[in-house]
Amino acid sequence: MRKILGLSLILAVLGLNACALFQHRDPLNINVVGIEPLPSQGLELRFAVKLRLQNPNETTIDYNGVALDLEVNGHTLATGVSDQTGSIPRFSEGILSVPVSISAFSVLRQTLGLSQTQSLDNLPYVLKGKLAGGLFGTMRFVDRGTLDLPGSTAAW
């Protein structure tokens with residue numbers, strides 16, 4: 001019984017020490033700063049989504065991959081991944097470009113959804129993603145906003 005109690009105490013102390021090793025990090029500030037067309041194939045569209053990554057922390061953040069999901073008007077429109085590696089120095093920022101694909105079916109679903117609203121103003125979007133950084137360094141992020149598409153004014 002003493003061995004079990006002693007072993008439990010040792011594991012508890014080691015567990016608390018392991019928690020102290022993980023530094024508290026403020027979340028990254030991630031914003032979409034541009035979208036550029038890429039060569040497409042078949043029934044898909046391809047774009048490069050440019051993200052501004054701002055590191056408000058006192059330590060460098062290293063990453064070795066990124067994944068994105070873009071929802072517009074409540075439906076998934078585009079997804080993308082990249083195996084890019086890099087780092088964002090402390091209290092610094094950088095631009096990351098991620099290729100995304102839009103299937104013809106996603107475009108059709110969006111078109112049907114837009115035909116019900118009849119307006120291209122203030123379309124809600126949600127950009128969800130993760131910046132991979134190893135076993136405990138992966139950072140998830142969400143950017144929300146609205147899109148105002150050109151030519152959407154109905155007052156003629």
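Residues numbered from 1 in each chain as written. Predicted model: local features only at pLDDT ≥ 70, side-chain atom pairs only at ≥ 80, totals over all residues. Heavy atoms only, no water.

- If you check an unreviewed UniProt entry, the chain appears there as LEA type 2 family protein from Pseudomonas canavaninivorans.

### So, the overall build of the chain
Part 1: For the chain, the helix and strand inventory stands at two helices and nine strands.
Part 2: Secondary structure elements in the chain, listed N-terminal to C-terminal, are α-β-β-β-β-β-β-β-α-β-β.
Part 3: Every one of the 156 residues in the chain was classed for burial, and the buried ones make up 24%.
Part 4: Here the contacts in the chain between residues at least 6 apart in sequence split such that 62% fall between residues at least 24 apart.
Part 5: In the structure as shown, the chain presents an accessible area of about 10700 Å², 60% of it carried by carbon and sulfur atoms. (Helix = DSSP H or I, 4+ residues; strand = E, 2+ residues; numbered from the N terminus. Buried < 20%, exposed > 50% of the residue type's maximum accessible area, 1.4 Å probe, protein only. Contact = heavy atoms within 4.5 Å. Areas by Shrake-Rupley, 256 points an atom, 1.4 Å probe, with all protein chains shown as cover.)

### Some thoughts on the side chain of Asn55
Part 1: Relative to the elements of secondary structure, Asn55 occurs in strand E2 (residues 44-55).
Part 2: Excluding residues within four positions of it along the chain, Asn55 makes contact with Leu28, Thr60, Ile61, Ile88, Pro89, Arg90, Phe91 and Ser92.

### Here's the deal with the confidence of the model for the chain
Part 1: For the chain, mean pLDDT is 80; residues scoring 70 or higher make up 74% of the total.
Part 2: Looking across the chain, the model is least confident in helix H1 (residues 2-21), with a mean pLDDT of 64, and most confident in strand E7 (residues 92-103), with 93. (pLDDT = per-residue confidence, 0-100.)

### Digging into the nonpolar core
Part 1: In this structure, Leu51, Leu53, Leu68, Leu96 and Leu131 are the most contacted members of the largest nonpolar core, which totals 24 residues.
Part 2: For this core, the secondary-structure elements that each account for two or more residues are E2, strand E3 (61-63), strand E4 (66-72), strand E5 (75-82), E7, strand E8 (123-131) and strand E9 (139-147).
Part 3: Apart from residues lying up to four places away in sequence, Leu51 is in contact with Ile30, Asn31, Val32, Val33, Leu68, Gly94, Ile95, Leu96, Val98, Leu127 and Phe141. (Core = buried A, V, L, I, M, F, W, Y, C linked by side-chain atoms within 4.5 Å.)

### Side note on the pattern of salt bridges
Part 1: With the rule as written, the count across this model stands at three salt bridges.
Part 2: Its salt-bridge partner being Glu36, residue Lys50 comes within 3.8 Å of it at the nearest N-O pair. Taken as a pair, Lys50 in strand E2 and Glu36 in strand E1 (residues 29-38) lie far apart in primary sequence, 14 residues in all.
Part 3: In this structure, Glu93 and Arg52 form a salt bridge, with 2.9 Å as the shortest nitrogen-oxygen distance. Placement of Glu93 in strand E7 and of Arg52 in strand E2 is noted, with a sequence separation of 41 residues between them.
Part 4: Overall, Arg52 belongs to the partly exposed group, its relative accessible area being 27%. (Salt bridge = Lys/Arg side-chain N within 4 Å of Asp/Glu carboxyl O.)

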